[in-house]
Amino acid sequence: GSMRGVFTIATACLVAAAALSQARSAAIPAADDAVAPEMVWFVFTPECFQTLAVEHQLDVPCAKKVLAKTVGYGISLGAAIVKIPQILNMVAVGSAGGISFSATFTELIGNTWAAAYNAQMGNPLSSYGESPLIAIQNAVILALVLVLGAGAAKVAASGKKGKAAAAKQVDPRPSGLWLAAYALIFVVGQALPWAVSLIAFVESRGGDYKELAHWEDALAYAWANIGVNKPEGQALALLTGLYIANTVLFIGARVPQIATNFANGHMGTQSVITLFLQAAGTSARIFTAMAETDDIVVTGSFVVSAALNITLFVQFLAYWRSTAEWRKSQAVKAKRD
């Protein structure tokens, strides 16, 4: 009906907006391309390539840098498919059961801010490449939540057990008012990283905000200086605040999902592969952050992320049998429908 149409339109807008905003952070000139020495095979500085590959001498600092680069790019490449198993599970089951809309939405905003912080601070792309890629996949998951809802769990309930299961299974889609609120938060969340660049433009023009009237110059400055000139003053304060807020948002994203899993007694359509890759990836990121950025804010964020992702993975192991039974019941109900 009309509500289905609203969900469909919201879905298309969500995915498109997320893709466009993340392209800004993924496609900009990163520090290792713009201000660092030219890299050999993406992971060697010329000096380290000469020492390790040509002279075959073991240099611990060089080896550490090369390993960090390699692991960083590996995590970024893995992030391109990290949530695909979960997306495929949702499509196969025809349900978004077990997915927390608020948790996934919060993670999407957090990934946006993480990508913006690292890009504008000039950190190497290998140290944050997964952020924009995971953000886009989260947008797809949110789109599927809007379209699928609780799926067969609501539609195909029959008998006492079926009705009891349907009553327990909450439709993960937000109501109309909540959907509007999420839309507003999404727009503001995507706009804040641009605000950092615009503030930096104003400060470069003597701090007069009337300079924003020259909007073409402001946008050109915002794009051209990302990863080249680190923000200062108010722009740096806002940018750092966004990254710290990203860590808070990540906690807000994971805790509701962990609570949802406890309440359901199963993991729904969540993928064990996705959870394992997230736990392993954020754990490895602690090492790469320390080696490549020397940024305590970034490193601390990954410590928190790793702890929560490991908790989710352990939950799946604990709910392995009940999750398999839930998915089997969903498949049977879908066939009956």
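Refer to the structure above for everything that follows.
The shown structure was predicted, so the numbers you read here are calculated from the model rather than taken from an experiment. (Residues numbered from 1 in each chain as written. Predicted model: local features only at pLDDT ≥ 70, side-chain atom pairs only at ≥ 80, totals over all residues. Heavy atoms only, no water.)

Scanning the protein from N- to C-terminus turns up 15 helices and zero strands. Counting all 337 residues of the protein, 46% fall into the buried class. Excluding contacts between residues fewer than 6 apart, the proportion of contacts in the protein whose partners are at least 24 apart in sequence is 82%. Accessible surface computed for the protein: about 16000 Å², of which carbon and sulfur atoms make up 69%. (Helix = DSSP H or I, 4+ residues; strand = E, 2+ residues; numbered from the N terminus. Buried < 20%, exposed > 50% of the residue type's maximum accessible area, 1.4 Å probe, protein only. Contact = heavy atoms within 4.5 Å. Areas by Shrake-Rupley, 256 points an atom, 1.4 Å probe, with all protein chains shown as cover.)

Here we take up the packing of helix H10 (residues 176–204) against helix H11 (residues 215–224). Geometry of a packed helix pair, given as the angle between the helix axes and the separation of the axes. One can describe the packing of H10 onto H11 by two numbers: an axis separation of 9 Å at closest approach and a directional angle of 110°. As summarised for this structure, H10 and H11 are arranged roughly perpendicular, according to the angle between their axes. You can see that H10 and H11 cross each other, and the crossing is right-handed. Together, Trp194, Ser197, Leu198, Ala200, Phe201 and Ser204 of H10 and Asp217, Ala218, Tyr221, Ala222 and Trp223 of H11 make up the contact between the two elements. (Axes fitted to C-alpha atoms, helices over the stretch in contact; angles between N-to-C directions. Parallel < 35°, antiparallel > 145°, perpendicular 65-115°, else oblique. Left-handed = near helix turned anticlockwise from the far one by under 90°.)

On the surface, Ile81, Ile84 and Leu88 cluster together into a nonpolar patch covering about 270 Å² of accessible area. Relative to the elements of secondary structure, isoleucine 81 occurs in the loop between helix H4 (60–79) and helix H5 (84–93). Using a relative accessible area of 53% as the deciding quantity, one classes isoleucine 81 as exposed. (Patch = residues over 30% accessible without salt bridge, like charges linked within 9 Å, V, L, I, M, F, W, Y side chains within 5 Å. Salt bridge = Lys/Arg side-chain N within 4 Å of Asp/Glu carboxyl O.)

This part covers the packing of aromatic side chains. With the rule as written, the count across this model stands at twelve aromatic pairs. Taking the centre distance of 5.4 Å and the plane angle of 80° together, the rings of tryptophan 41 and phenylalanine 49 count as edge-to-face. For tryptophan 41, a relative accessible area of 63% gives the class exposed. Seen from their ring centres, phenylalanine 42 and tyrosine 73 are 6.4 Å apart, and the 75° between their planes marks the pair as edge-to-face. With phenylalanine 42 in the loop between helix H2 (31–34) and helix H3 (46–54) and tyrosine 73 in helix H4, the pair connects residues that are 31 residues apart, well separated along the chain. A relative accessible area of 24% places tyrosine 73 in the partly exposed class. Through a chain of ring-to-ring contacts, three or more aromatic side chains come together here, namely Phe101, Phe105, Trp178 and Tyr182. (Phe/Tyr/Trp six-rings, centres within 6.5 Å; stacked < 30°, edge-to-face > 60°.)

Throughout the structure, instances matching the rule amount to one disulfide. Residue pairing for cysteine 48: its cysteine sulfur links by disulfide to cysteine 62, the two sulfurs lying 2.1 Å apart. Taking the torsion about the S-S bond as the criterion, the cysteine 48 to cysteine 62 disulfide, at about -80°, is left-handed. With a gap of 14 residues between them, cysteine 48 in helix H3 and cysteine 62 in helix H4 connect regions that are remote in the sequence. Residue cysteine 48 is classed as buried on the basis of its relative accessible area of 4%. Judged by relative accessible area, which is 9%, cysteine 62 ranks as buried. (Disulfide = S-S within 2.5 Å.)

Looking now at the side chain of glutamine 315. Note on placement: glutamine 315 falls in helix H14 (residues 296–318). Looking at glutamine 315, the relative accessible area reads 5%, which means it is buried. Polar side-chain contacts of glutamine 315 include one of 3.2 Å to the backbone oxygen of isoleucine 258. Excluding anything up to four places from it in sequence, glutamine 315 contacts Ile258, Asn261, Phe262 and Met267. (Polar contact = N/O pair within 3.5 Å; in protein donor to acceptor, adjacent residues only side chain to side chain.)

Taken as a class, soluble globular proteins show a tendency for nonpolar side chains to be buried jointly. Core analysis: the biggest nonpolar cluster contains 31 residues, and Met90, Phe101, Phe105 and Val145 have the highest contact counts within it. With seven residues, the top contributor of residues to this core is helix H6 (residues 101–120). Beyond its immediate stretch of four places on either side in the chain, phenylalanine 101 contacts Leu142, Val145, Leu146, Pro172, Pro174 and Tyr182. Ile258, Leu275, Phe316 and Tyr319 belong to the second-largest nonpolar core, a separate cluster that totals eight residues. (Core = buried A, V, L, I, M, F, W, Y, C linked by side-chain atoms within 4.5 Å.)

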